[in-house]
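Take a look at the letters that make up each chain.
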Amino acid sequence: MYSEAKSPLAQKRNIVTAIPGPKSQALIERRKDAVSASLGMALPVFIERADGAIILDVDGNSIIDLAAGIAVVNVGHGNTKVIENVKRQIDAFTHTCFMIVPYLGYVEVCEALNRLTPGKFKKKSVLMNSGAEALENAVKIARSYTKRQAVVVFEHGYHGRTNLTMAMTAKNMPYKDSFGPFAPEIYRMPMAYPFRWNGDQAKCAQEALEMITHKIEKEIGGKNVAAIVIEPIQGEGGFIVPPKGFLPGLANYAKENGIVFIADEVQTGFGRTGQMFASEDENVEPDIITTAKGIAAGLPLSGVTGRAEIMDSIHLSGLGGTYGGNPIACAAALGAIETIESENLVERANKIGKIMSDALNAMMKKYPIIGEVRGRGAMQAIELIKPGSNEPNSEAQLAIIKFCINQGVLIISAGTYANVIRLLPPLTINEDLLREGLSVLEAAIASIK
Ligand code: PLZ
């Protein structure tokens, strides 16, 4: 059974039962009895295994994965280099704690991060376990380095679910509601969100920058701000791509005021947007970059990479954690990074991104519920509206996702107004499979009355 299961899965959609099938239904019941009811479930089937961009469920359904575990499995499920590295590492040793006994994998991942992240200056890194933990540490570092406390974040931003990162995250439901009190000294600024800003892109960038700098000066005082933290393309918030000029404008303001500019590239990093990091698009060189998700193809790992003088300013043993930069996760990361580079997945993100954006733009012409198609590279989304208005259409979002899931195509939601559908396929997805997924998405949209 096990050796049979190891043959590669056909990259084909194949639905053999209702979704969920009987075995999944039974497991969902078992889950209900054992697992806290607090956790969501986007795809109501239990997975047996996955390969490439196909998820095989316990009832034998082969589902097209256009989510990649939320932009994590960029190199595809079952990536050979990741698996080989992980197996070799498990045979050697599984844990020492890097602060107790160091190992080379950790150093190599830091070297890769320092080399691949934007910024033509000396950089250093630390490794943690999750995106939220990377953000926590980035803020600790910026506060300690600047001897200031205030942290500026943005509307629609998402940075995690720990106490500090909940405070940094914009959306109340489901992330924050009833979980307060929240960490202090977090200040939220308006976001340059062109689709919901009156005026064109250039005006949106300029007006938003004016509002933000004015608010920082009047409400906080620039000299009190330790860090400005922003996702170069907002992920959970609905793939909001800021207008040209906005990010460089913010980075300049930070520089002029001695503020650490932190790019949260947890979702946008590692080739996803058609560049290794999304900040590169406008030649922004963040002082600190947080990474996670795509770094290690699903093993828990995150990174904080920044200017050497900032990263080295922390007192000895000021940062750490038992598992941060676990050797198995580092081995996976080295396999994932090697794959992204050797298979040129950054280019591939542009190629599949164009297939997605062409298809979505063609749909927008036909279906008035699509208000906007946006994204960059293999990070594409549609914002759904009530036709003839800008009013968010969250009912359509729910119905479209359900339709796709029933037909064996996994797509996921996003957006402050629960009206965005985002596509985040593995960058290795075969083009026919991607086109098939998109045609099911079109059928779902066409079914909305
Ligand atoms: N920063 C930009 O996208 C994680 C959240 C899923 P962790 N986004 C997916 C959910 O509902 O919990 C994310 C992100 C950005 C930080 C994070 C946090 O990363 O690894 O989930 O802690």
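## Observations concerning unusual backbone geometry
Phase 1 of the analysis: Met173 connects to Pro174 through a cis peptide bond whose omega is 5°.
Phase 2 of the analysis: In this chain, Gly180 is followed by Pro181 through a cis amide linkage whose omega measures 5°.
Phase 3 of the analysis: Note on placement: Pro181 falls in the loop between helix H7 (163-168) and strand S6 (186-189).
Phase 4 of the analysis: Unusually for a residue other than glycine, Ala68 sits at a positive phi of about 50°.
Phase 5 of the analysis: If you trace the backbone, Ala68 turns up in helix H3 (residues 68-71).

## A closer look at the packing of helix H12 (residues 345-366) against helix H14 (residues 431-446)
How two helices sit against one another is set out by the angle between their axes and by the gap between those axes.
Phase 1 of the analysis: In contact at an axis separation of 11 Å, H12 and H14 are set at 20° when each is read in the N-to-C sense. Taken together, the axes of H12 and H14 lie roughly parallel to each other. The two elements H12 and H14 meet at a crossing, and its hand is right-handed. The segment H12 lies against H14, with Arg348, Lys351, Ile352, Ile355, Met356, Ala359, Leu360, Met363 and Lys366 engaging Glu431, Leu434, Arg435, Leu438, Leu441, Glu442 and Ile445.

## Re the site of the ligand
Phase 1 of the analysis: Not every one of the 14 residues close to the ligand is listed here, only the nearest: Gly131, Ala132, Arg161, Asp264 and Gln267.
Phase 2 of the analysis: In this structure, Tyr158 approaches the ligand through a side-chain N or O atom, which is 3.3 Å from an oxygen atom.
Phase 3 of the analysis: Here Glu236 contributes a side-chain N or O atom positioned 3.3 Å from a nitrogen atom of the ligand.
Phase 4 of the analysis: Starting from 510 Å² of accessible surface for the ligand in isolation, the protein chains cover 81%.
Phase 5 of the analysis: For the shell around the ligand, the class distribution of residues is four nonpolar, five polar and five charged.

## Here's the deal with the pattern of salt bridges
Phase 1 of the analysis: Under the defined criterion, the tally for this structure stands at 23 salt bridges.
Phase 2 of the analysis: With its nearest N and O atoms 2.9 Å apart, the salt bridge here joins Glu236 to Arg422. Here Glu236 is found in the loop between strand S7 (225-230) and helix H9 (246-256), whereas its partner Arg422 is found in strand S15 (residues 420-423), with 186 residues between them in sequence. Residues Glu236 and Arg422 agree in their burial class; the two are buried.
Phase 3 of the analysis: A single salt-bridge network, built from bridges that share partners, covers Arg196, Glu372, Arg374 and Glu383.

## Describing the packing of aromatic side chains
Phase 1 of the analysis: Scanning all chains against the criterion turns up seven aromatic pairs.
Phase 2 of the analysis: Seen in terms of ring centroids, Phe270 and Phe277 are 5.2 Å apart; in terms of plane orientation they differ by 70°. Their pairing is edge-to-face.
Phase 3 of the analysis: An aromatic cluster is present here, built from Phe93, Phe98, Tyr103 and Tyr106 joined pairwise through their rings.
Phase 4 of the analysis: Positioned above the aromatic ring of Phe182 is the side chain of Lys176, whose terminal nitrogen or guanidinium carbon lies 5.3 Å from the ring centre.
Phase 5 of the analysis: It is Arg307 that lies over the ring of Phe121; its NZ or CZ is 3.8 Å from the centre.

## Some points on the domain arrangement of the chain
Phase 1 of the analysis: Splitting the chain by domain gives domain 1 (22-78 + 344-446) and domain 2 (82-342).
Phase 2 of the analysis: Taken together, the contact pairs 40 residues of domain 1 with 36 residues of domain 2.
Phase 3 of the analysis: Interface area for domain 1 against domain 2, summed over the two sides, is near 3,100 Å², with a carbon-plus-sulfur share of 56%.
Phase 4 of the analysis: Viewed at the interface, domain 2 and domain 1 are joined by three salt bridges.
Phase 5 of the analysis: Measuring nitrogen to oxygen at the nearest pair gives 3.4 Å for the salt bridge that ties Arg376 to Asp281.
Phase 6 of the analysis: Seen at the junction of domain 1 and domain 2, the total is 21 residue pairs in polar contact (both at pLDDT 80 or more).
Phase 7 of the analysis: Contributions of two or more residues to the side of domain 1 that touches domain 2 are made by H3, H12, strand S11 (370-376), strand S12 (379-384) and S15.
Phase 8 of the analysis: With five residues, the top contributor of residues to the side of domain 1 that touches domain 2 is S11.

## Considerations on the nonpolar core
The tendency in soluble globular proteins is for nonpolar side chains to be buried side by side.
Phase 1 of the analysis: Membership of the largest hydrophobic core comes to 109 residues, with the highest contact counts inside it found for Leu301, Ile400, Ile411, Leu441 and Ile445.
Phase 2 of the analysis: Each of two domains, domain 1 (22-78 + 344-446) and domain 2 (82-342), supplies a minimum of three residues to this core.
Phase 3 of the analysis: Contacts of Ile400, omitting those with residues within four sequence positions, involve Ile369, Leu384, Ile411, Ile421, Leu441, Ala444, Ile445 and Ile448.
Phase 4 of the analysis: Residues Met191, Ala205, Ile216 and Phe246 belong to the second largest nonpolar core, which totals 30 residues.

## Comments concerning the sheet that holds strand S14 (residues 412-414)
In a beta sheet, neighbouring strands pair by backbone hydrogen bonds and run either parallel or antiparallel.
Phase 1 of the analysis: Strand order in the open sheet formed by four strands is S11-S12-S15-S14, and the pairing between neighbours is antiparallel. Each end of this open sheet is capped by a strand with a single partner; those strands are S11 and S14. This sheet shows a mean twist of 30° between the axes of neighbouring strands, independent of strand direction.
Phase 2 of the analysis: Across four bridges, the pairing between S12 and S15 is antiparallel. Looking across to S15, one finds that Ala381 is bridged to Arg422.
Phase 3 of the analysis: Across the sheet, H12 lies against S11, S12 and S15, angled at about 170° from S11, the strand it touches most.

## As for the sheet that holds strand S9 (residues 288-291)
Phase 1 of the analysis: If you walk across this open sheet you meet the seven strands as S4-S10-S9-S8-S7-S5-S6, and the pairing is mixed. On the outer flanks of this sheet lie strand S4 (123-128) and S6, each paired with one strand and no other. For this sheet, the mean inter-axis angle between neighbouring strands, taken without regard to orientation, is 20°.
Phase 2 of the analysis: In terms of strand pairing, S9 meets strand S10 (residues 302-307) through four bridges, oriented antiparallel. Directly across from Thr290, in S10, lies its bridge partner Val304.
Phase 3 of the analysis: Against the sheet, helix H5 (residues 104-116) touches S4, S9 and S10, its axis set at about 130° to S4.

Rules behind the numbers
- Residues numbered from 1 in each chain as written.
- Predicted model: local features only at pLDDT ≥ 70, side-chain atom pairs only at ≥ 80, totals over all residues.
- Heavy atoms only, no water.
- Helix = DSSP H or I, 4+ residues; strand = E, 2+ residues; numbered from the N terminus.
- Axes fitted to C-alpha atoms, helices over the stretch in contact; angles between N-to-C directions.
- Parallel < 35°, antiparallel > 145°, perpendicular 65-115°, else oblique.
- Left-handed = near helix turned anticlockwise from the far one by under 90°.
- Contact = heavy atoms within 4.5 Å.
- Near = heavy atom within 4 Å.
- Polar contact = N/O pair within 3.5 Å; in protein donor to acceptor, adjacent residues only side chain to side chain.
- Areas by Shrake-Rupley, 256 points an atom, 1.4 Å probe, with all protein chains shown as cover.
- Nonpolar A, V, L, I, M, F, W, Y, C, P; charged D, E, K, R; others polar.
- Salt bridge = Lys/Arg side-chain N within 4 Å of Asp/Glu carboxyl O.
- Buried < 20%, exposed > 50% of the residue type's maximum accessible area, 1.4 Å probe, protein only.
- Phe/Tyr/Trp six-rings, centres within 6.5 Å; stacked < 30°, edge-to-face > 60°.
- Lys NZ or Arg CZ within 6 Å of the ring centre and 35° of its normal.
- Domains from an automatic or database assignment.
- Buried area = accessible area lost by both parts, 1.4 Å probe.
- Core = buried A, V, L, I, M, F, W, Y, C linked by side-chain atoms within 4.5 Å.
- Pairing = 2+ DSSP bridges.

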